[in-house]
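Descriptive structure summary
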Amino acid sequence: MKLQRMNRRALTLGALAVSGALALTACGSDDTGSSGNGTSSATAAAGSIKCDDAKGQLLADGSSAQKNAIDAWVKNFTQACNGVQVNYKGSGSGAGVTAFTQGQVAFAGSDSALKPDEITASQKVCSGGQGIDLPMVGGPIAVAYNLSGVDNLVLDAPTIAKIFNGKITNWNDKAIAALNPDAQLPDLKIQPYHRSDESGTTDNFTKYLIATAKSEWPYEGGKAWQAKGGQSASGSSGVAQGVKQTNGAIGYMELSYAKDGLGTVAIDTGAASPVKASSDGATKAIADAQVVGTGQDLALKINYATKAEGAYPITLVTYEIVCDKGNKSDTLPATKAFLRYIAGEEGQGILSGIDYAPIPDAIISKVRTTIEGLS
């Protein structure tokens, strides 16, 4: 099994070489620095990707948290289906949903399921249908930090809430020290970073705080950050960059952005051992989720308060949002072909090697069936 994982990871890294075609995306700074020759994985995928009648330009926008996965998928898909150009901007979940409901994109990516008013708005662009949520990418939201001399850091939900709510302001605070008795915590101001743009990552991060530390996080939640103070930056890449540049900083971001010297917090969930962000930990959390969408919609409800061994609680699911009926005829073939690939075994198979989590079989099988019925 270990050898198979190593081989899969090696193939995945090859797929991450960024080609000139990806320069079309608007958020190039989201690249995590992964590299490879881009040959073996793309070549293997090219032989089995089903292109059908896919052609032309496919415009999409949304979640920056899934952008590194989208980039790897686009690399493979466009090499196999050379008549298609996929441009995923990664402007954030809020921007993506807006672009979708305004008919500007073929599909959108969002780390939060469509709200009722957004479903209503989608009916104006989905002729005879509406927007639906297709869970496609799982991923742990890492609480990443930059703190000289501290290589391992444990925090629990109330302490995280107090840090991001401005109630704990120094790294040698007694609450942090109690969770880290062996750490040499400096007398240094904490610099918490949050998203400045509307973000599904923010929505999921604050849902975790609401579910597990409500008394310390007295906010309604949502895609927009509500607490006062702290530093802000646009996109997961912006938050990661801000934390990297600031000793004493802490921020939340999808795990694939927590690179290049950043530490990641181990969460004390009440299980036997604190849990660090990982693909396996996220998949265990998603497997505990419930499908709450109706009809063709596959929106999930995640148990953020899970205490299951090895389950990482701050986990998001990114949905691809598309019309169930009434998709534009000129982009429908390319949309279905691309979604079919990324929901398939090959597309899902590359995720764990690039710090994402594949969607559990019981859920992704429903996604595949739904994609075939899109019209």
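Here goes a summary of the coordinates provided. Bear in mind the structure is a predicted one, so any value in this text is a computation, not a measurement.

**Some remarks on the overall build of the chain**
- Of regular secondary structure, the chain possesses 13 helices and 13 strands.
- Relative to all contacts within the chain whose residues are 6 or more apart in sequence, the contacts with residues 24 or more apart total 75%.
- Of the roughly 15100 Å² that the chain leaves accessible, carbon and sulfur atoms contribute 48%.

**A word on the nonpolar core**
- Counting 107 residues, the largest nonpolar core has Trp73, Met136 and Phe164 as its most contacted members.
- Counting residues per element, this core draws most heavily on strand β4 (residues 131–146), at nine residues.
- In contact with Trp73, not counting residues within four places along its chain, are Met136, Val137, Phe338, Tyr341, Ile342, Gly347, Gln348, Ile350 and Leu351.

**Some thoughts on the environment of Val74**
- Positionally, Val74 belongs in helix α3 (residues 67–80).
- Its relative accessible area of 4% is what places Val74 among the buried residues.
- Once the C-alpha coordinates of Val74 and Val84 are considered, the two residues, 10 residues apart in sequence, prove to be 9.9 Å apart.

**Concerning the pattern of salt bridges**
- Taken as a whole and assessed by the stated rule, the structure comprises nine salt bridges.
- A salt bridge links Asp52 to Arg340; its shortest N-O distance comes to 3.1 Å. Taken together, the residues Asp52 in the loop between α2 (40–46) and β1 (56–62) and Arg340 in helix α11 (residues 332–343) connect sequence positions 288 residues apart.
- Residue Asp260 is joined to Lys244 by a salt bridge in which the shortest nitrogen-to-oxygen separation is 3.3 Å. Within this pair, whereas Asp260 is found in the loop between β8 (249–254) and β9 (263–264), its partner Lys244 is found in helix α9 (residues 235–244), the two being separated by 16 residues in sequence.
- Residues participating in the shared-partner salt-bridge network are Asp52, Arg340 and Glu372.

**A short note on the side chain of Asn327**
- Its location among the elements puts Asn327 in the loop between β13 (315–323) and α11.
- There is a polar contact of 2.7 Å between the side chain of Asn327 and the backbone oxygen of Cys323.
- Aside from chain neighbours lying at most four places away, what touches Asn327 is Val322, Leu332, Leu374 and Ser375.

**A short note on the pairing of β13**
- Counting buried positions over the nine residues of β13 gives nine, a clear majority of the element.
- Because side chains alternate across β13, one face comprises the buried residues Thr315, Val317, Tyr319, Ile321 and Cys323, and the other comprises Leu316, Thr318, Glu320 and Val322, equally buried.
- By the bridge criterion, three bridges tie strand β3 (residues 107–110) to β13 in an arrangement that is antiparallel. Bridged to Ser110 within β13 is Tyr319.

**Some details on helix α10 (residues 279–287)**
- Buried within α10 are the following residues: Ser279, Gly281, Ala282, Ala285 and Ile286. The arc that holds every buried residue of α10, seen down its axis, measures 160°, which confines them to one face.
- On its buried face, α10 sits against β4, β12 (300–301), β13 and α13 (361–372).

**Examining the state of the cysteines**
- Summed over the entire model, instances satisfying the criterion amount to two disulfides.
- Each disulfide pairs two cysteine sulfurs, and for Cys51 the partner residue is Cys81, the sulfurs being separated by 1.9 Å. Because the torsion about its S-S bond is -90°, the bridge between Cys51 and Cys81 counts as left-handed. Taken together, the residues span a long stretch of sequence, with Cys51 in the loop between α2 and β1 and Cys81 in the loop between α3 and β2 (84–88) at a distance of 30 residues. Of the two residues examined, Cys51 and Cys81, each falls in the buried class.
- Disulfides within the chain link the bonded cysteines, taken in sequence order, as 1-2, 3-4.

**Comments concerning the packing of aromatic side chains**
- Under the definition given, this model contains 10 aromatic pairs.
- On the numbers, 5.2 Å between centres and 70° between planes, the contact of Phe164 with Phe205 is edge-to-face. Of the two residues, Phe164 is situated in helix α6 (residues 157–164) and Phe205 in helix α8 (residues 200–212); the sequence distance between them amounts to 41 residues. As far as the burial class goes, Phe164 and Phe205 line up, both buried.
- An aromatic cluster is present here, built from Phe164, Phe205, Trp217, Tyr219, Trp225 and Tyr252 joined pairwise through their rings.

**Thoughts on unusual backbone geometry**
- In this structure, Asp52 takes a positive phi of about 50° despite not being glycine.
- Even without being glycine, Asp260 reaches a positive phi, approximately 55°.

About the thresholds
- Residues numbered from 1 in each chain as written.
- Predicted model: local features only at pLDDT ≥ 70, side-chain atom pairs only at ≥ 80, totals over all residues.
- Heavy atoms only, no water.
- Helix = DSSP H or I, 4+ residues; strand = E, 2+ residues; numbered from the N terminus.
- Contact = heavy atoms within 4.5 Å.
- Areas by Shrake-Rupley, 256 points an atom, 1.4 Å probe, with all protein chains shown as cover.
- Core = buried A, V, L, I, M, F, W, Y, C linked by side-chain atoms within 4.5 Å.
- Buried < 20%, exposed > 50% of the residue type's maximum accessible area, 1.4 Å probe, protein only.
- Salt bridge = Lys/Arg side-chain N within 4 Å of Asp/Glu carboxyl O.
- Polar contact = N/O pair within 3.5 Å; in protein donor to acceptor, adjacent residues only side chain to side chain.
- Pairing = 2+ DSSP bridges.
- Arc of directions from axis to C-beta.
- Disulfide = S-S within 2.5 Å.
- Phe/Tyr/Trp six-rings, centres within 6.5 Å; stacked < 30°, edge-to-face > 60°.

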